[in-house]
2 protein chains.
Amino acid sequence: MNQIASEKVELAEKFSLIDKYWSPKIVGELNGQYVKLAKFKGEFVWHQHDNEDELFLVVKGVLKIKLSDRELTLREGDFAVIPRGVQHLPIADEEVQVLMFEPKSTINTGEVTNELTTDCEWI
Amino acid sequence: MNQIASEKVELAEKFSLIDKYWSPKIVGELNGQYVKLAKFKGEFVWHQHDNEDELFLVVKGVLKIKLSDRELTLREGDFAVIPRGVQHLPIADEEVQVLMFEPKSTINTGEVTNELTTDCEWI
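The structure presented is a predicted model; accordingly, all values stated were derived computationally and were not measured.

About the cut-offs
Residues numbered from 1 in each chain as written. Chains lettered and ligands numbered in written order. Predicted model: local features only at pLDDT ≥ 70, side-chain atom pairs only at ≥ 80, totals over all residues. Heavy atoms only, no water. Contact = heavy atoms within 4.5 Å. Buried area = accessible area lost by both parts, 1.4 Å probe. Salt bridge = Lys/Arg side-chain N within 4 Å of Asp/Glu carboxyl O. Polar contact = N/O pair within 3.5 Å; in protein donor to acceptor, adjacent residues only side chain to side chain. Helix = DSSP H or I, 4+ residues; strand = E, 2+ residues; numbered from the N terminus. Buried < 20%, exposed > 50% of the residue type's maximum accessible area, 1.4 Å probe, protein only. Least-squares fit on C-alpha atoms with pLDDT ≥ 70 in both. Pairing = 2+ DSSP bridges. UniProt positions renumbered as here; feature names shortened; annotations may be inferred.

Visitor: I keep staring at the interface of chain B and chain A and nothing clicks. Help me out?
Guide: Chain B puts 41 residues into the contact, and the matching count from chain A is 41 residues. Of the roughly 3000 Å² buried between chain B and chain A, counting both surfaces, carbon and sulfur atoms make up 59%. Per-residue buried area on chain B facing chain A is highest for Ser6, Asn31 and Phe79 of chain B; these three make up 22% of the total on that side. Taken together, the connections running from chain B to chain A amount to four salt bridges. One salt bridge connects Lys8 of chain B with Asp78 of chain A, and the closest N-O pair in it is separated by 3.8 Å. Remark: the boundary between chain B and chain A carries twelve residue pairs in polar contact (both at pLDDT 80 or more). Counting residues per element, the ones that place at least two in the side of chain B that touches chain A are β1 (8–10), β2 (25–30), β3 (33–43), β4 (54–60), β6 (71–74), β7 (78–82) and β8 (89–103) of chain B.

Below, the structure written as structure tokens:
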């Protein structure tokens, strides 16, 4: 039997359930990967994921991602893949809604553990 | 060195390059998975993927996915995961723009081979 149901997921409805910044929630699972949604506001923490590539797709707002040598500016309908081992710093001057796609093993703060480190729950 | 560049991808720009229905194009790669974009119009073919779960996220338009026992209607900002082994039939009454996540091994027509079967190229 399949563990994954073929059900419709409405991003807008799921985002309305998120009331905390920098705390990704799981909304889908496939092929050992999670689909996560998060709201960001402010500046996160420099980190990297040693074993996971990470995709950020902006659903609403503007997300800046600082890299060691430059900065990406993602607007609604833009995405970027941050490869494993690449240091990055997400920044949102205003609230941004982001869809992420990453392996189930991914920890939000990568190799860093601090007060922003959080477990991921389904919503 | 990382094979995957940290570059911004604009969905709208990529969709403007697609001039054929039912022919997914690759726009991103991470963790052994591809991010693909496709335009659908009309009715596809009943098929299943024996070893791959498949995600459909509607970027523009309406996508219906017939399953054996029911039908999903996905509007802009909705997604669904079709688990491996589940027969499905995508239908688009009008043109729809769809983002897909799936393993690199995925063939668009699953276990079926016909005139709709196509290799995937990067755009």
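Visitor: So what exactly am I meant to see when it comes to unusual backbone geometry here?
Guide: Note: most peptide bonds trans; most residues except glycine with negative phi. One non-glycine residue, Trp22 of chain A, lies in the positive phi region at around 60°. Here Trp22 of chain A lies in the loop between α1 (11–15) and β2 (25–30). For Trp22 of chain A, a relative accessible area of 7% gives the class buried. Positive phi outside glycine occurs at Asn31 of chain B, with the angle close to 50°. Look at Asn31 of chain B and you get buried, because its relative accessible area is 13%.

Visitor: Explain the environment of Glu7 of chain A to me, please; I cannot follow it from the model alone.
Guide: With respect to the element layout, Glu7 of chain A can be found in the segment before β1 (8–10). Residues Glu7 of chain A and Gly28 of chain A, 21 residues apart in the sequence, show an inter-C-alpha distance of 9.8 Å. Once residues lying within four places of it in the same chain are set aside, the contact partners of Glu7 of chain A are Arg70, Phe79, Ala80 and Val81 of chain B.

Visitor: I'm lost on the relation of the copies chain B and chain A in this one. Help?
Guide: The two chain copies are related to each other by a rotation about an axis together with a translation along it. You can overlay chain B on chain A at an RMSD of 0.0 Å; the transform is a turn of 180° with a shift of 0.0 Å along its axis. Look at the turn and shift together and you get a two-fold axis relating the two. Taken together, the interface assignments show that 100% of the residues at the interface of chain B recur at the interface of chain A, consistent with an identical surface on both copies.

Visitor: Even after reading the chapter, I still don't get the pairing of β6 of chain B, so can you show me in this structure?
Guide: Looking along a regular strand, one sees the side chains alternate between the two faces of the sheet. Residue and element names in this part refer to chain B. The two faces of β6 differ: Leu72 and Leu74 on one face are buried, but Glu71 and Thr73 on the other face are not. Where strand β5 (residues 63–66) meets β6, four bridges bridge the pair, whose relative direction is antiparallel. In the sheet register, Ile65 faces β6, and the bridge partner there is Leu72. Hairpin connection between β5 and β6: a loop of four residues separates the two successive antiparallel strands.

Visitor: Sorry, what's going on with the side chain of Asp53 of chain B here?
Guide: Residue and element names in this part refer to chain B. Mapped onto the fold, Asp53 is located in the loop between β3 and β4. For Asp53, a relative accessible area of 5% puts it in the buried group. A distance of 2.9 Å separates a polar side-chain atom of Asp53 from the backbone nitrogen of Arg84.

Visitor: What is the right way to read the side chain of Gln48 of chain A from this model?
Guide: All names here are of chain A. Here Gln48 lies in the loop between β3 (33–43) and β4 (54–60). Taking the relative accessible area as the measure of exposure, Gln48 reaches 18% and is therefore buried. A polar side-chain atom of Gln48 sits 2.7 Å from a polar atom in the side chain of Asp50. Ignoring anything within four residues of it in the chain, the contact list for Gln48 reads Gly85, Val86, Gln87, His88, Gly110 and Glu111.

Visitor: Sorry, what's going on with the UniProt feature "domain: Cupin type-2" (unreviewed entry) in chain A here?
Guide: When the UniProt feature table is mapped onto this chain, "domain: Cupin type-2" (unreviewed entry) is found at residues 43–99 of chain A. Across residues 43–99 of chain A, the secondary structure splits into 0% helix and 56% strand, with the terminal C-alpha atoms separated by 17 Å.

Visitor: I would appreciate a short explanation of the pairing of β8 of chain B in the present structure.
Guide: Residue and element names in this part refer to chain B. Counting buried residues in β8 gives twelve out of 15 residues, a clear majority hidden from the surface. Sheet topology note: the β3/β8 ladder contains ten bridges and is antiparallel. Bridging across to β8, Tyr34 finds its partner in Glu102. Pairing between β4 and β8: five bridges, direction antiparallel. Opposite Phe56, over in β8, you have Met100 as the bridge partner. With three bridges joining them, β5 and β8 adopt antiparallel strand pairing. Note on β8: the bridge partner recorded for Ile65 is Pro90.

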